[in-house]
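So the chains spell out like this:
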Amino acid sequence: MAKYINKRFLNTIALCTGVGAASGFAVYSFYERKEALKNRSLEEDYYHVFENKQPKWDSNWDKRQPKSLVKPVDSDKPELQDKYNKKIEGQKSCATRHIFLIRHGQYNVLGETDGERKLTELGRKQALFTGERLSLLNYPWTTITQSTMTRAMETCAIIQKQLPENIPLTSSDLLIEGAPIQPDPPSKNWKPELYQFYRDGARIEAAFRKFIHRAPPEQEEDSYELIVCHANVIRYFVMRSLQLTPEAWLRLSLDHASITWLSVFPNGRVALRCYSNSGYMPPDAISH
């Protein structure tokens, strides 16, 4: 009997030792893993999480990269290579385009037609504040482009009065408000018919390609351009120019008569210098 008890006792000790060893190894492994994670650099952690998920920057997003505009040569002759290189140099941009996207002021949302959707009294005040702000910035304004919708043209007219009279003004139907692309996630309160995305999306994309790009090679000085248009257009322009997911445009909010500033550099890089800036207005004048 004593022999049997001793054997059970020894087996129990062996089992406990095995469990303890396994538990100890598990605890050691946990702390070893924790220490390794703690010592991993932030850069390594970033790439661990986002590897293969973030698209690379497309330097030729506006199809104006010099090499894409010059037909390559199939010869190693020095004179042909020199000619090719000179053509590339001739296509290089050397100026920065500063594009100021201005949303129209508050307007009568109950109007059934575009002509009835005029600026409210607050909308006119907002446009005045924005015109004064742009005047104080005192940049050498190059051009003004406006949407042909009533609220945008009214806003533009008020802003114009605060700026020098000799700034060229043009209008474009491409800039009118619309539904650029189906948003993700979808909105619970805004559900246009699918055909509107099909109809408006191509037009707003065409507006982006027409107005947002690097400076042409013949432009020698930086330009400061004003575009007075609409919230959906501006939000889409921002997402496209920064090469972010365009379906995310509805996640951004935009104040009435606010200033959004994009800079397109000669190498094709784009910077968002400010977005929906309305801090120059009194708090009771800000709306969206």
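Residue positions are given per chain, counted from 1 along the sequence in the order it is written. Confidence filtering applies because this is a predicted model: local features only for residues at pLDDT of at least 70, side-chain atom pairs given and counted only at 80 or more, and all residues used for totals across whole chains, interfaces and linings. The basis for every side-chain value is the complete set of heavy atoms in the structure, and neither hydrogens nor water enter the calculation.

Selection criterion: UniProt positions are given in the numbering used here, feature names are shortened, and annotations may be inferred rather than shown by experiment.
Looking at an unreviewed UniProt entry, one finds the protein chain named Serine/threonine-protein phosphatase PGAM5, mitochondrial and attributed to Aphis gossypii. UniProt annotates the protein chain under Sequence similarities (unreviewed entry) with the comment "Belongs to the phosphoglycerate mutase family. BPG-dependent PGAM subfamily." The UniProt entry for the protein chain carries the following text under Subcellular location (unreviewed entry): "Mitochondrion outer membrane".

## A short note on the sheet that holds strand β3 (residues 169-172)
Under the convention used in this document: The rule for pairing is simple: two strands pair if DSSP sees at least two bridges between them. For the purposes of this entry, the term helix denotes a DSSP run of H or I that reaches at least four residues, the term strand denotes a run of E that reaches at least two, and both are numbered from the N terminus. Angles shown run from 0 to 180 degrees and are taken between the N-to-C directions of axes, each axis being a line fitted to C-alpha atoms and, for helices, limited to the stretch in contact. Contacts between residues were defined by any pair of non-hydrogen atoms, one from each residue, lying within 4.5 Å.
Reading across the sheet, the 6 strands line up as β3-β2-β4-β1-β5-β6 and stay open at both edges, with mixed pairing between neighbours. The outermost strands of the open sheet, each flanked by one partner alone, are β3 and β6 (270-277). If you compare each strand with its neighbour and ignore which way they point, the axes differ by 20° on average. Along the sheet face, helix α8 (residues 231-241) touches β1 (97-103), β4 (223-229), β5 (259-264) and β6 and points at about 150° away from the line of β1.

## A short note on the packing of helix α5 (residues 121-137) against helix α6 (residues 150-160)
Any two packed helices are characterised by how steeply their axes cross, that is the angle between the axes, and by the distance between the axes. Which entries qualify depends on this criterion: Just so you know how the angles are binned, under 35 degrees is roughly parallel, over 145 roughly antiparallel, 65 to 115 roughly perpendicular, and the rest oblique. Should the near helix be turned counterclockwise from the far one by less than a right angle, the crossing is left-handed, whereas a clockwise turn marks it as right-handed. Only Asp, Glu, Lys and Arg are considered charged, only Ala, Val, Leu, Ile, Met, Phe, Trp, Tyr, Cys and Pro nonpolar, and every remaining residue, Gly among them, polar.
Relative to each other, α5 and α6 sit at 45°, their axes nearing to 8 Å. When the interaxial angle is binned, α5 and α6 end up oblique. Taken as a pair, α5 and α6 cross one another with a handedness that is right-handed. Contacts from R124, A127, L128, T130, G131 and L134 of α5 reach α6 at T155, I158 and I159. The residue makeup of the contact of α5 with α6, split by class, is 5 nonpolar, 3 polar and 1 charged.

## Brief notes about the nonpolar core
The following threshold applies: Only buried Ala, Val, Leu, Ile, Met, Phe, Trp, Tyr and Cys residues count toward a nonpolar core, and they belong to the same one when joined by side-chain atoms within 4.5 Å. Here's how the labels work: a residue is buried when its accessible area is under 20% of the maximum for its type, exposed when over 50%, partly exposed in between, all with a 1.4 Å probe on protein chains only.
Core analysis: the largest hydrophobic core is formed by 21 residues, its most contacted members being L101, L175, I212, I227 and F237. Put simply, the parts of the chain that give this core at least two residues each are β1, α7 (194-211), β4, α8 and β5. With 6 residues, the single largest contributor to this core is α8. Residue contacts for I227: discarding those within four places in its chain leaves I99, F100, L101, I102, T145, L175 and F211. Membership of the second largest hydrophobic core comes to 16 residues, among which are I102, L134, L163 and I259.

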